[in-house]
Amino acid sequence: TAHPLLPTAFDTVTMIPTATMTTFLMPALLSTPAPIMAFTSPSALSRSTNTIRHTTNNINDAATRRNTLPSLHAIKEATFGMGCFWEPAESLLKQPGVLATTVGYTGAPPNKPPPSYDTVCFGNDYVEAVRVVYDDTILDYTTLLDKFFEVQKPGLSRQYASIVFVTDDNEEEEVNKWKNAAIKTKVKRTSDNLPYELVEIEPTSSFYRAEEYHQRYWEKQRLRAGLAVLLVAGASGAYDDFGGGVIGNFELGGLAFDTICNAVFLVGAGWMILERLVVRDVRELKSGDMILEL
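Residues numbered from 1 in each chain as written. Predicted model: local features only at pLDDT ≥ 70, side-chain atom pairs only at ≥ 80, totals over all residues. Heavy atoms only, no water.

Enquirer: Looking at this structure, I do not really get the overall build of the chain. What am I missing?
Expert: From N to C terminus, the chain includes 12 helices and 9 strands. Sorting the 294 residues of the chain into buried and exposed places 34% on the buried side. A fraction of 76% describes how many contacts in the chain between residues 6 or more apart in sequence connect residues 24 or more apart. Split by element, the accessible area of the chain, about 17,500 Å² in all, is 60% carbon and sulfur. (Helix = DSSP H or I, 4+ residues; strand = E, 2+ residues; numbered from the N terminus. Buried < 20%, exposed > 50% of the residue type's maximum accessible area, 1.4 Å probe, protein only. Contact = heavy atoms within 4.5 Å. Areas by Shrake-Rupley, 256 points an atom, 1.4 Å probe, with all protein chains shown as cover.)

Here it is as structure tokens:
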């Protein structure tokens, strides 16, 4: 008969920290009377030893992975109204310490229905906003506020307002301190003399992630623009002499290469217009959702 402690210990071994497991099991095993140990087969003891070794390795591997990530206490979110959100989102993402950005809509009263890009453009409730996930061991909140002010592109309408959305009284106090210090010293943005008085402070409200075609917008547009140039060149016959005229003589389904390039260009241009009309994948992001998606 096996020692009565062995099944219980091994059944729960994956839930016991290594140090605790060693403290609990080793005295019991060492104190096991020889007659009882004799009834435990060598193969069973070997399997048990392998289980302990495997579990210990898994625990150590998990600890190593955790140590390579920032502490969850160091990863935070911030939300800003920065004008048209395409360029500011990309600019903030380039800052050291910024882990992710997403563009969306926020700032509306609680009773308002979920927005779309059209209702934001033709309404007066929602603000185009950028939500930022950052590691405050690298980039503290005050420095992030400086970066927000530096790269924002505010306009005159509510849609393009310059706003810092605060989550609690402490954050509101910090933003007020930052803003008032700049106003007191009469500091303005060096590129265009944008005054700090323009920045508003509002409590955080429901944040809706914008349609997918808005996400990383300029990154996508640069790729599309490059492809469009290549397709226009192909449609004009610029590649006809490449490969000794192979491309110029290429046909697919009876269509010449320049005709194919022209067709692909038109389809791509049509899709860019169509996606604006049909894509409606706006969804609400709760506080912390972006952190969980990292």
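Enquirer: Help me understand the packing of helix α5 (residues 86-93) against helix α7 (residues 141-151) in this model?
Expert: Look at α5 against α7: their axes get within 10 Å of each other, and the N-to-C directions meet at 140°. In terms of their interaxial angle, α5 and α7 are classed as oblique. In this structure, α5 meets α7 at a crossing whose hand is right-handed. Mapping the contact onto sequence places P88, S91 and L92 in α5 and L144, K147, F148 and V151 in α7. (Axes fitted to C-alpha atoms, helices over the stretch in contact; angles between N-to-C directions. Parallel < 35°, antiparallel > 145°, perpendicular 65-115°, else oblique. Left-handed = near helix turned anticlockwise from the far one by under 90°.)

Enquirer: Any chance you could explain the packing of aromatic side chains here in plain terms?
Expert: When we look at a pair of aromatic rings, we describe it by the centre distance and by the angle of the planes. Here the structure, examined in full by the defined rule, presents 13 aromatic pairs. Considering the side-chain rings of F149 and W178, the 6.3 Å spacing of their centres and the 75° angle between planes classify their relative orientation as edge-to-face. Taken together, the residues F149 in helix α7 and W178 in helix α8 (residues 169-184) connect sequence positions 29 residues apart. Of the two residues examined, F149 and W178, each falls in the buried class. Ring centres of F250 and F257 lie 6.5 Å apart, and the angle between their planes is 75°; on these two criteria the pair is classed as edge-to-face. Accessibility expressed as a relative area gives 38% for F250, which makes it partly exposed. A relative accessible area of 21% means that F257 is categorised as partly exposed. (Phe/Tyr/Trp six-rings, centres within 6.5 Å; stacked < 30°, edge-to-face > 60°.)

Enquirer: For this particular structure, what's the right way to read a nonpolar patch on the surface?
Expert: On the surface, W271, I273, L274, L277 and V278 cluster together into a nonpolar patch covering about 500 Å² of accessible area. If you trace the backbone, V278 turns up in helix α11 (residues 257-278). Residue class for V278 comes out partly exposed when judged on its relative accessible area of 48%. (Patch = residues over 30% accessible without salt bridge, like charges linked within 9 Å, V, L, I, M, F, W, Y side chains within 5 Å. Salt bridge = Lys/Arg side-chain N within 4 Å of Asp/Glu carboxyl O.)

Enquirer: What should I look at first to understand the state of the cysteines in this one?
Expert: Cysteine pairs can be covalently joined through their sulfur atoms, and such a bond is termed a disulfide. In this structure the tally under the stated criterion is 0 disulfides. Note on C84: no disulfide assigned, nearest cysteine sulfur contributed by C121 at a separation of 9.0 Å. Under the relative-accessibility criterion, C121 is labelled partly exposed at 25%. (Disulfide = S-S within 2.5 Å.)

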